[in-house]
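Results of the structural survey
The residues making up each chain are set out below.
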Amino acid sequence: GVTMKLMDEVAGIVAARHCKTNIVTASVDAINFHRKIKKGCVVTVSGRMTFTSNKSMEIEVFVDADPLVETTKGKYRAVSAFFTYISLDKDGKPLPVTSLKVRISKAKLAAHLPDLII
């Protein structure tokens with residue numbers, strides 16, 4: 001439960017930063033528990049916007065665990081999920097969501113260009 005709460009909070013921060021309005025969780029999709037988080041691990045929760053429509057935003061959230069004691073084992077993906085959020089006005093009514101703008105540097109684009117050509 002604690003992990004899911006942290007994931008929802010991170011997704012909410014990503015959504016609020018994008019639309020700069022009040023937001024609400026509409027749904028949680030595809031929670032994948034890849035590996036157990038063991039005691040003594042440092043947990044990192046991160047999120048990224050993956051899609052926007054006129055009415056909603058999809059945020060992918062990752063939970064990574066890094067064992068402090070077992071240093072031979074590195075950081076691993078413990079949990080991932082997709083959250084859908086809605087932007088709300090002051091009266092709690094849905095607002096249109098700003099389109100997602102993907103920014104990529106020319107160097108990064110050039111590095112991945114061969115992968116994009118079929």
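Here is a short report on the structure shown in this document. Worth saying up front: this structure is predicted, and the values here are computed from it rather than measured.

So, on to the nonpolar core. Formed by 19 residues in total, the largest nonpolar core has its most connected members in Met7, Ala11, Met57, Ile59, Val61, Phe83 and Tyr85. When contributions to this core are tallied by element, the ones reaching two or more residues are helix H1 (2–19), strand E2 (41–52), strand E3 (57–67) and strand E4 (76–88). In terms of residues, this core owes the most to one element, E4, which gives six residues. Ignoring sequence-local partners within four residues, the contact set of Phe83 consists of Met7, Asp8, Ala11, Thr25, Ser27, Val28, Met57, Glu58, Ile59 and Val61.

To continue, consider a nonpolar patch on the surface. Together, Val42, Leu68 and Val69 make up an exposed nonpolar region whose accessible area comes to about 310 Å². As for its placement among the helices and strands, Val69 is situated in the loop between E3 and E4. Residue classification places Val69 among the exposed positions, given a relative accessible area of 73%.

This part covers the pattern of salt bridges. Using the criterion set out here, one finds three salt bridges in the structure. One salt bridge connects Glu60 with Arg48, and the closest N-O pair in it is separated by 2.8 Å. Of this pair, Glu60 sits in strand E3 while Arg48 sits in strand E2, and the two are 12 residues apart along the sequence. The exposure class of Glu60 is buried, given its relative accessible area of 12%. A relative accessible area of 46% means that Arg48 is categorised as partly exposed.

Strand order in the open sheet formed by four strands is E1-E4-E3-E2, and the pairing between neighbours is antiparallel. At either end of the open sheet lies a strand with only one pairing partner, and these are strand E1 (22–33) and E2. Within the sheet, the average angular offset between the axes of one strand and its neighbour, ignoring direction, is 25 degrees. Contacting E1, E2, E3 and E4, H1 crosses the sheet at an angle of about 45 degrees to E4.

Right, let's talk about the packing of aromatic side chains for a bit. Two aromatic rings, taken as a pair, are described by how far apart their centres are and by the angle between their planes. On inspection of all chains with the given rule, the structure shows zero aromatic pairs. Positioned above the aromatic ring of Tyr76, the side-chain terminus of Arg35 is 3.9 Å from the ring centre.

Sheet faces and side chains relate simply in a regular strand, where the side chains alternate between the two faces. As judged from the 11 bridges shared by E2 and E3, these two strands associate in the antiparallel manner. The partner of Arg48 across the bridge, within E3, is Glu60. Count of turn residues in the E2/E3 antiparallel hairpin: four residues.

We now examine unusual backbone geometry. The backbone of Lys20 shows a phi angle near 55 degrees, a positive value even though the residue is not glycine. Within the secondary structure, Lys20 sits in the loop between H1 and E1. Taking the relative accessible area as the measure of exposure, Lys20 reaches 69% and is therefore exposed. Phi is positive for Ala30, which is not a glycine, with a value near 50 degrees. Summarising the element assignment, Ala30 is placed in strand E1.

Conventions we followed
Residues numbered from 1 in each chain as written. Predicted model: local features only at pLDDT ≥ 70, side-chain atom pairs only at ≥ 80, totals over all residues. Heavy atoms only, no water. Core = buried A, V, L, I, M, F, W, Y, C linked by side-chain atoms within 4.5 Å. Buried < 20%, exposed > 50% of the residue type's maximum accessible area, 1.4 Å probe, protein only. Helix = DSSP H or I, 4+ residues; strand = E, 2+ residues; numbered from the N terminus. Contact = heavy atoms within 4.5 Å. Patch = residues over 30% accessible without salt bridge, like charges linked within 9 Å, V, L, I, M, F, W, Y side chains within 5 Å. Areas by Shrake-Rupley, 256 points an atom, 1.4 Å probe, with all protein chains shown as cover. Salt bridge = Lys/Arg side-chain N within 4 Å of Asp/Glu carboxyl O. Pairing = 2+ DSSP bridges. Axes fitted to C-alpha atoms, helices over the stretch in contact; angles between N-to-C directions. Phe/Tyr/Trp six-rings, centres within 6.5 Å; stacked < 30°, edge-to-face > 60°. Lys NZ or Arg CZ within 6 Å of the ring centre and 35° of its normal.

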